[in-house]
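Listed here are the chains, written in short residue letters.
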Amino acid sequence: MVPILLEGVAKSFLSREGDRVVAVEDVSLAVSAGTICCLVGPTGCGKSTILRMAAGFEEPDRGRVLAPRANDGARESPVGLLTQQHTLFPWLTTLENVALPLRIRGEAAAAAHGRCRPILDSLGLGDSADRYPYELSGGMQQRAAMGRLLASSARCWLLDEPFNALDERTRQRLQDLLVELASARALAVLFVTHAIDEAVYLADRVHVLSAAPGRVVATLDLPEGRPRDRLSASFSGHLESIRRTLEEAIR
Amino acid sequence: MSAAAGPGSRRADRAVGGWLLGAVIPSLVLAAWWLAARSGSAVVPTFGEVWDVLSHPLREPPDLQSPSLAFSVAITLARFAIGFSLAVVTAVPLGIAAARSPVLERLLHPMVELARPINPVVLLPLLTVLLGLTSPATILFGQRAAWRHAVLDQMPLAMLLILWYGAFFPIYLAALYGVRSIRTSRLETLHLLGAGSLQELRWLLLPHALPAIANGMRIALGVTWLVIIAAELFPGTRSGLGYMLCTACKTSEYEYTFAAMILIGVIGLLTNGALRRFERAVGHWQAAER
C-alpha cells in the first residue's frame, strides 16, 4: 500500500491580471511507509502547491491524488502538515500544543497531558512543557510541532522547508530525528526543500523539479544506509549530480 | 554609592519620577480647587465638606431628594453592569458568527455602520416615550406592584437599552476583526486534526480573538460609563450618581456634586485598569506574533 500517491497532477491559478498561470504540470510521485521523499527545485516551481494538493487543500485540475484514508471513519486526517506557517498555537503551552490532537479527539486534559509527556521527554522538551512557544528557541518550536504530529494519528507527513530558519547544528539534529522517526514509526514523509544537501542526507528518493511550471525532470534513488556520511565520496557525488540537473532545469 | 545603586534602583528611580510627573496636574487641580474654596466661592465647597459626604456613604442626604451616596453608586453600577453584560453576550457571538459567515456580515454591515455614529444618549428621550417607565419590576410584578421592588424598578428598560447600544458596537467590531485576522494555516491545522466547528471555536476562534475582544470591551466600558451618567441626568430617573450630581446642582448642595464627580472619575479609572489587566493577561502571546 502506498500512503502518498499523486498521479499526473496539474494545477494552474488565475493571476491578478486574469492570466492563467500553470504552477504544476504533470507530476507523479509515490511515497511508501517508512521512507522519505524529497522534492527539490528552484523557487516558484510549485513545490508548496504539490504539498497542498497532497494534503487535500487544493484540488488538482488534472490527474488524481490518492488521498490516504483515515481508519474507523475518524474525522482526523492521516495527513500531518508542518510548514513555516503551520506552527504551534501561541496561546497554548508546549504541552497543550502537543496534546491538541488528543483534546480534539475528546480526551480530558489530564489524560491527554499524561500521554503526551513521554513524547515531550523523547524530544528533549520535558523541561519546557509549561512554557509558551514564544519562550522557546526556533529549534525547540519545530521539535514541539513534530511532537504535535506524533501525538496525532497522522502517518503521512508533509513538510515544507521546516528547518529553514534554524542554525546548522540544530538543523542537523532535527534531520537525524526525522530520519529516526520515519523508520521507527513507518511514516511516509514528503519533504520539500531547496537545500540539496538536506535532500541527499534525508531522502530515500529525490525528485528534482523544473522552474515554473513544475515538472519532475529527474528522479534519484539513494540506496545508502543511515546515518549518512556528509563527507563521503558518494554523498558529494549525489550532491553534484542533483546540482547539475537543477542548473539544466533552470536554464 | 556601591553595588546597591545598580540598574534596578535606577529603574525604581524612573518609576518614582514617572509617578511624580503624573501627579503634577492633579495637584494643580486640587490647588485651584482649594484656592477657589478659600476665596469664599458660593459654588465650590471646601475639601472638608466633600470629605464629609464621601466618608458617610450611607447617610440619606438631609437637604437633597436623593437616596444615599452608597445606594446611588450601587444603582449606577448595577445599571452599568446589566447594560454592559447584555452587550458582551450579544456582541461577541454575533461578531464571531459574522466573521465566519459572509452572508450574516453583509446583512449586518449597513445597519452597524449607520447606527454606530449615533450617540446613544440621543435615543433616550425617544425610547422613554416608547417604553415609558417599563422596568424589569413592571414586567415581572406588574405596574401596580413595581414600586415595592425598588432596585428592579430603578432599572428603566430605556436606559438599559441605550447602555447596551453604546457598548455593543465596539465589542461587535472587535470580535469580528479578531476572528477575521486568523491565519488560514491555523484553521487548516485544526481541520487536519478533525476539529468540528465547536472545537474550532474553543481552540482557535475564541483564544485568538480574546485580546481584541478585551480591547473592544475596554473601549465599550469607557463609552458605557459616559452614557450611564448622562442618561441619569434626564428626567424620569430618581436615583444614581448622575441623578445625585444633577439634583445637587439644582438645589445648590455642591458638596454632593463634587463627591459624585470624584466617584465617577475613580470608578472609571478602576474599571479601566481592571480591564487593561485582563487585556494584558489574555494577550500575553501577542507581542511575539508581530
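Keep in mind that what you see is a predicted model, and the values were worked out from it rather than measured.

A few words on the overall build of chain B. Scanning chain B from terminus to terminus reveals 13 helices and zero strands. Overall, chain B shows an N-to-C arrangement of helices and strands of α-α-α-α-α-α-α-α-α-α-α-α-α. For a compact globule of 290 residues, the expected C-alpha radius of gyration is about 19 Å, and chain B comes in at 24 Å, more than 25% above that figure. Considering only C-alpha atoms, chain B reaches an extent of 75 × 75 × 30 Å along its principal axes.

Residues and elements named next belong to chain B. Here helix H4 (residues 102–115) contains 14 residues, and its C-alpha end-to-end distance of 20 Å stays within 8% of the 20 Å for a straight helix at 1.5 Å per residue. Along H4, the helix axis deviates most sharply at Leu108, where the bend reaches about 35 degrees; the proline Pro110 sits within four residues downstream. Counting buried residues along H4, only zero of its 14 residues qualify, which leaves the element largely exposed.

Another aspect to go through is the confidence of the model for chain A. If pLDDT is low for a region, its predicted coordinates should not be looked at in detail. The predicted model of chain A averages 88 in pLDDT, with 96% of residues at 70 or higher. No element of chain A has a lower mean pLDDT than helix H7 (residues 233–250) of chain A, which averages 86, and none a higher one than helix H2 (residues 94–105) of chain A, which averages 95.

Residues and elements named next belong to chain A. Burial analysis of strand E7 (residues 188–193) places six of its six residues in the buried class, the great majority of the element. The alternating pattern of E7 places Ala188, Leu190 and Val192 and Val189, Phe191 and Thr193 on opposite faces, both of which are buried. Relative to E7, strand E3 (residues 35–40) runs parallel, the two sharing six bridges. Paired with Thr35 across the strands is Ala188, a residue of E7. Where strand E6 (residues 156–160) and E7 come together, five bridges link them in parallel fashion. Paired with Leu159 across the two strands is Phe191, which belongs to E7. Taken together, E6, helix H5 (residues 168–184) and E7 constitute a β-α-β crossover, and its handedness is right-handed.

The subject of this paragraph is the confidence of the model for chain B. Put simply, chain B has an average pLDDT of 90, and 97% of its residues get 70 or more. Predicted complex, confidence summary: ipTM 0.87, pTM 0.86.

The interface of chain B with chain A comprises 15 residues on the first partner and 19 residues on the second. Looking at which element gives the most residues to the side of chain B that touches chain A, the answer is helix H9 (residues 184–192) of chain B, with five residues. For the side of chain B that touches chain A, the residue count by class is seven nonpolar, four polar and four charged.

Hydrogen bonds between backbone groups are what pair the strands of a sheet, and the pairing can be parallel or antiparallel. Residue and element names in this part refer to chain A. Pairing in this open sheet of three strands is antiparallel, and the strands run E2-E1-E4 from one edge to the other. Where the open sheet ends on each side, the last strands, each with one partner, are strand E2 (20–31) and strand E4 (62–66). Neighbour to neighbour, the strand axes of the sheet diverge by 25 degrees on average, direction disregarded. Against the sheet, helix H1 (residues 47–55) touches strand E1 (4–14), E2 and E4, its axis set at about 120 degrees to E1.

What follows covers the pairing of E3 of chain A. All names here are of chain A. Counting buried positions along E3 yields five of six residues, so the element is predominantly enclosed. Taken together, the four bridges between E3 and strand E8 (residues 205–209) define a ladder with parallel strand orientation. Looking across to E8, one finds that Val40 is bridged to Val208.

The next thing to look at is unusual backbone geometry. Residue and element names in this part refer to chain A. A cis amide bond links Arg226 with the next residue in sequence, Pro227, at an omega value of 0 degrees. With respect to the helices and strands, the residue Pro227 is situated in the loop between strand E9 (216–221) and H7. Phi is positive for Glu161, close to 45 degrees, though the residue is something other than glycine. Tracing the backbone through its elements, the reader meets Glu161 in the loop between E6 and H5.

What follows deals with the domain arrangement of chain A. Residue and element names in this part refer to chain A. For chain A, the assigned domains read domain 1 (4–68 + 155–250) and domain 2 (89–152). Just the C-alpha atoms count here: the centres of domain 1 and domain 2 sit 27 Å apart. Classifying every residue of the side of domain 1 that touches domain 2 by side-chain character gives six nonpolar, one polar and no charged.

It is worth spelling out the packing of helix H5 (residues 124–131) of chain B against helix H8 (residues 157–180) of chain B at this point. Residues and elements named next belong to chain B. Running from N to C, H5 and H8 cross one another at 140 degrees; their axes reach a closest spacing of 8 Å. In terms of axis orientation, H5 runs oblique to H8. The handedness of the crossing between H5 and H8 is right-handed. When H5 is examined against H8, the residues Leu124, Leu127, Thr128 and Leu131 are found in contact with a partner set consisting of Leu157, Ala158, Leu161 and Ile162.

Residue and element names in this part refer to chain A. With mixed pairing, the six strands of this open sheet are ordered in space as E5-E6-E7-E3-E8-E9. The open sheet has two free edges, formed respectively by strand E5 (79–82) and E9, since each of these has just one partner strand. When the angles between neighbouring strand axes are averaged without regard to direction, this sheet yields 15 degrees.

Parameters at a glance
Residues numbered from 1 in each chain as written. Chains lettered and ligands numbered in written order. Predicted model: local features only at pLDDT ≥ 70, side-chain atom pairs only at ≥ 80, totals over all residues. Helix = DSSP H or I, 4+ residues; strand = E, 2+ residues; numbered from the N terminus. Rg over C-alpha atoms; globule rule 2.2 N^0.38 Å. Expected span 1.5 Å × (residues − 1). Bend = angle between axes of the 7 residues up to and from the residue. Buried ≥ 20, exposed ≤ 12 C-beta atoms within 10 Å, placed from the backbone. pLDDT = per-residue confidence, 0-100. Pairing = 2+ DSSP bridges. Right-handed = clockwise from strand over helix to strand, strands pointing away. Contact = placed C-beta atoms within 7 Å. Nonpolar A, V, L, I, M, F, W, Y, C, P; charged D, E, K, R; others polar. Axes fitted to C-alpha atoms, helices over the stretch in contact; angles between N-to-C directions. Domains from an automatic or database assignment. Parallel < 35°, antiparallel > 145°, perpendicular 65-115°, else oblique. Left-handed = near helix turned anticlockwise from the far one by under 90°.

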